[in-house]
Amino acid sequence: MKNKALLSGLCLIFALSIIKINAQQMSENIKAPLAKIIPTVLEKHGDTRVDNYFWLNKRENPEVIDYLNQENSYYEAMTADTKGFQKELYEEMKSRIKEDDESVPYLYNGYYYITRFETGKDYPIYSRKKGSLTAAEEILFNCNDLAKGHSYFQLGGLSVSPDNKFASFGVDTIGRRIYTIQVKNLETGEILSDKIENATGSSVWANDNKTIFYTKQDEVTLRSDKVFKHKLNTSSDQDVLVFFEKDDTFNVSVGKEKSKKYIVIGSGSTLTTEYRILNSETPDAEFKVFQPRVRGLEYSISHFGDSFYILTNKDKATNFKLMKTPESATAKANWVDVIAHRDDVLLEDIEIFRNYLVVEERSNGLNHIRIKPWSGEGEYYLPFGSETYNAYTTTNVDFDTDILRYSYQSLATPSSVIDFNMKTKEKEVKKEQQVLGGKFDKNNYTEERVWATATDGTKVPISMVYKKGLKKDGTNPVLLYAYGSYGVTMDTYFSSTRLSILDRGFVFAIAHIRGGEDLGRQWYEDGKLLKKKNTFTDFIDCSKYLIQEKYTSPQHLYAEGGSAGGLLMGAVVNMAPELYHGVIAQVPFVDVISTMLDDTIPLTTGEYDEWGNPNEKKYYKYMLSYSPYDNVKAQKYPNMYVSTGLHDSQVQYWEPAKWVAKLRTLKTNDTVLYLNTNMDAGHGGASGRFEALKELAKEYSFLLDLEKIKN
């Protein structure tokens, strides 16, 4: 019997080997699609570029769709032998998620509001309970029902009227962030006839319970540029335009102060902001400019009592300071300091309560929460012990409370929602993220922050997490992630899905490179415009550090970034392809010059302060020196997985499509190159929580397959 079992086992191994060999032979015989070459000559500032794939930007052209489908088919065929593993990863990641999960309830205007999920369902259910958590549940929106018949669904801008009787909401069923706003009667369940097309989705109620303010986009560029006023039970054709932003580098928004006294229109570009305010009791009056825009002046406002508190960079406060002004005199000449500017501390945000001012700060790359009683006595910071944590205030909608709600997590510590009594200093953990399966123990992982030295001598932090027992022998697979644009701070965060690579031996690392605000506002300034290349060289230097310190080697180092982080990926594979075995580029912004010269593309004009305006020669030349698409050349490239969405409104699908097409013709080695296009989604990928896991499983299987890790 033992010999028979052994023989059966050998036969099975032999059969699996044959299947694997056949799969390899099949993949070797599969030819990558080659996009048709149609040269388009592009001229600017006396410089001539020839774009062989310019034609791919015609979404309606059947040949374009055919090419994208060919690339998808090629990806499917080449990865056919990993489909079972992808499914295994998907089921594994899904099994850690508490499917019947719900948010921590918060009390607002007499109701407790809750967002919850049901087992097996992709979309959230929004509900509320009147006065008490033991009251009957009132379902506001079941997105699982609303999403039926749609391959993509997103509900946004949910806003309840002050009398609690109506809710305005926006729905996007394409993925281009173009919403239709409607109104629901929460007493009868009826959806009213009010319908506002082509909106951003966000809206806010005046205190009369019948007036809604909302924003709309330019139909071509999708720039949010208009604020309208809508009266309940009327046609949107009768809506009144209350503000139009003429400057095409600005975007507008509309909201309501925590005090509920003011409706606020915000108008902002990368470097400049301006607000308009209107008493919520008089929606038909005129908005008043809070402080007229001044190039380079940034500010945000919070109303409390008879004053406004202003977070601003006024007076060269690079890291921002807090000021105050009477609500009757809002021009900057009346602003006075509350918290002065500090060179080593970035002032990120504030939260106002009747007895306390809560300040969110950042120093040495770490965030801090500062509690300041209005009495002026006994201010303190919340204590956090780690160097790889992330703490921030969450839903605090009530002035009249001593309870601050905040969230805490780290690379190895699941996210917690905590209610902290600012008076007694007692805290209550309201919820800790559950990791199901019984296998996770945060004590099995090591968190670490190290500092790499950049080319110019700057110290750049890297946050890492890995299973305990790591040996620095250069054989560990490392996934290095970064973003590095728009002043976005890449905080450390916990991910239960990430365990699928950590438990298979991967190190996950975040490079806190310049272009973000991780180490203060100057960190951002030193990674934009004519200093943008610092972002790329920082990432390369972080990669070299991990190799030099023997965390990994070029044969086991992987890089990942999305959107502007995808630009980063495109730049580093042109500049230092030899450092990486594989690269994941999600919805990558890689055709910088052509995109920034086309002011009909969504977001372009508003990006000039981030990247520069290529209509000016100095910016054109600098962009051209790093634009990933323009700098593809005949050289060896790493294995690459590139993803995009056909309906992406932020990074158009044709950027990664053109990039991959050009890479196919110029790269000199036989590494794999995949373009996977979601034909139903936009910038954020699939809309369902479990559908998104399938996309992640593709990425993880790409990495693990390259590492020859199959379980």
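How each quantity is defined
Residues numbered from 1 in each chain as written. Predicted model: local features only at pLDDT ≥ 70, side-chain atom pairs only at ≥ 80, totals over all residues. Heavy atoms only, no water. Helix = DSSP H or I, 4+ residues; strand = E, 2+ residues; numbered from the N terminus. Rg over C-alpha atoms; globule rule 2.2 N^0.38 Å. Buried < 20%, exposed > 50% of the residue type's maximum accessible area, 1.4 Å probe, protein only. Contact = heavy atoms within 4.5 Å. Areas by Shrake-Rupley, 256 points an atom, 1.4 Å probe, with all protein chains shown as cover. Lys, Arg positive; Asp, Glu negative; His and termini not counted. Charge placed at Lys NZ, Arg CZ, Asp CG, Glu CD. Polar contact = N/O pair within 3.5 Å; in protein donor to acceptor, adjacent residues only side chain to side chain. Pairing = 2+ DSSP bridges. Axes fitted to C-alpha atoms, helices over the stretch in contact; angles between N-to-C directions. Phe/Tyr/Trp six-rings, centres within 6.5 Å; stacked < 30°, edge-to-face > 60°. Lys NZ or Arg CZ within 6 Å of the ring centre and 35° of its normal. Salt bridge = Lys/Arg side-chain N within 4 Å of Asp/Glu carboxyl O. Left-handed = near helix turned anticlockwise from the far one by under 90°.

J.: Which parts of the structure should I look at to understand the overall build of the protein chain?
T.: In terms of regular secondary structure, the protein chain is built from 13 helices and 37 strands. Here the protein chain has a C-alpha radius of gyration of 27 Å; the compact-globule value for 711 residues is 27 Å, and the two agree. Within the protein chain, buried positions represent 56% of all 711 residues. Counted over contacts in the protein chain with a minimum sequence separation of 6, partners at least 24 positions apart contribute 56%. When the accessible area of the protein chain is evaluated, it comes to approximately 30,500 Å², of which 50% is carbon and sulfur surface. For the protein chain, the distance from the average site of its 88 positive side-chain charges to the average site of its 97 negative ones is 3 Å.

J.: Sorry if this is basic, but what is going on with the side chain of histidine 512 here?
T.: One can find histidine 512 in the loop between strand S33 (507–511) and helix H6 (521–525). Note on histidine 512: relative accessible area 7%, which makes it buried. A polar side-chain atom of histidine 512 sits 3.1 Å from the main-chain carbonyl oxygen of methionine 490. A distance of 2.9 Å separates a polar atom in the side chain of histidine 512 from a polar atom in the side chain of aspartate 518.

J.: I would appreciate a short explanation of the sheet that holds strand S8 (residues 166–172) in the present structure.
T.: Backbone hydrogen bonds hold the strands of a sheet together, and the pairing may be parallel or antiparallel. With antiparallel pairing, seven strands are arranged side by side in an open sheet as S7-S8-S9-S10-S11-S12-S13. Two strands close off the open sheet at either side, each with one partner strand: strand S7 (154–160) and strand S13 (240–244). In this sheet, adjacent strand axes meet at a mean angle of 35° when their direction is disregarded. Inspection of the sheet shows S8 paired to strand S9 (residues 179–185) by six bridges, in the antiparallel sense. Within the sheet, the bridge partner assigned to valine 171 lies in S9 and is threonine 180.

J.: Quick question: what am I supposed to make of the environment of phenylalanine 169 here?
T.: As for its position among the elements, phenylalanine 169 is in strand S8. Its relative accessible area of 3% is what places phenylalanine 169 among the buried residues. Sequence separation between phenylalanine 169 and glutamate 426 is 257 residues, and the spatial gap between their C-alpha atoms is 37 Å. Once residues lying within four places of it in the same chain are set aside, the contact partners of phenylalanine 169 are Phe141, Leu155, Gly156, Gly157, Leu158, Thr180, Ile181, Gln182, Val183, Lys184 and Ile191.

J.: Looking at this structure, I do not really get unusual backbone geometry. What am I missing?
T.: Note: most peptide bonds trans; most residues except glycine with negative phi. Unlike most non-glycine residues, leucine 222 shows phi in positive territory, near 65°. Structurally, leucine 222 can be placed in the loop between strand S11 (211–217) and strand S12 (224–231). Relative accessible area serves as the criterion here: at 11%, leucine 222 is assigned to the buried category. A positive phi is found at lysine 260, a non-glycine position, where the angle reads about 70°. Tracing the backbone shows lysine 260 in the loop between strand S14 (251–256) and strand S15 (262–268).

J.: Explain the packing of aromatic side chains to me, please; I cannot follow it from the model alone.
T.: Geometry of an aromatic ring pair is reported as the spacing of the ring centres plus the angle between the planes. One pass over the structure, following the stated rule, counts 36 aromatic pairs. Pairing tyrosine 262 with phenylalanine 308 gives two aromatic rings, centres 5.2 Å apart and planes at 50°, and the pair type is tilted. Here tyrosine 262 is found in strand S15, whereas its partner phenylalanine 308 is found in strand S19 (residues 307–312), with 46 residues between them in sequence. The buried category is assigned to tyrosine 262, whose relative accessible area is 9%. For phenylalanine 308, a relative accessible area of 0% puts it in the buried group. Among the aromatic residues, ring-to-ring pairing joins Tyr262, Tyr275, Phe290, Tyr299, Phe308 and Trp335 into one connected group. Lysine 36 extends its terminal NZ or CZ atom over the ring of tryptophan 55, reaching a point 5.7 Å from the ring centre.

J.: What is the right way to look at the sheet that holds strand S4 (residues 111–116) in this model?
T.: Strand order across the open sheet formed by four strands is S3-S4-S5-S6, with antiparallel pairing between neighbours. One side of each edge strand has no neighbouring strand; the edge strands of this open sheet are strand S3 (106–108) and strand S6 (137–142). On average, each strand axis in the sheet is tilted by 30° relative to the strand beside it, whichever way the strands run. With six bridges connecting them, S4 and strand S5 (residues 125–130) associate as antiparallel partners. If you follow tyrosine 113 over to S5, its bridge partner there is arginine 128.

J.: Please clarify how the environment of threonine 492 should be interpreted in this entry.
T.: Tracing the sequence through the fold places threonine 492 in the loop between strand S32 (478–481) and helix H5 (499–502). A relative accessible area of 4% places threonine 492 in the buried class. Residues threonine 492 and isoleucine 265, spaced 227 residues apart in sequence, show a C-alpha to C-alpha distance of 32 Å. Setting aside chain neighbours within four positions, we find threonine 492 in contact with Thr388, Tyr389, Asn390, Gln409, Leu411, Ser463, Ile510 and His512. Reaching out from threonine 492, the side chain makes a polar contact with the backbone oxygen of tyrosine 389 at a distance of 3.0 Å.

J.: I keep staring at the pattern of salt bridges and nothing clicks. Help me out?
T.: When their charged atoms lie close together, side chains carrying opposite charge are able to pair. Considering all chains together, one arrives at 47 salt bridges under this definition. In this structure, the salt-bridge partner of arginine 295 is aspartate 609, at a minimum N-O distance of 3.0 Å. Of this pair, arginine 295 sits in the loop between strand S17 (288–289) and strand S18 (299–304) while aspartate 609 sits in helix H10 (residues 608–611), and the two are 314 residues apart along the sequence. By relative accessible area, arginine 295 is classed as exposed at 61%. Sharing partners across several salt bridges, the network here consists of Glu298, Glu517, Arg521, Glu525 and Lys528.

J.: What is the right way to look at the packing of helix H2 (residues 62–78) against helix H12 (residues 654–666) in this model?
T.: Relative orientation of the contacting elements H2 and H12 amounts to 65°, with a least axis distance of 12 Å. For the crossing formed where H2 meets H12, the hand is left-handed. Across the interface between the two elements, Tyr67, Leu68, Glu71 and Tyr74 from H2 touch Ala657, Val660, Ala661 and Arg664 from H12.

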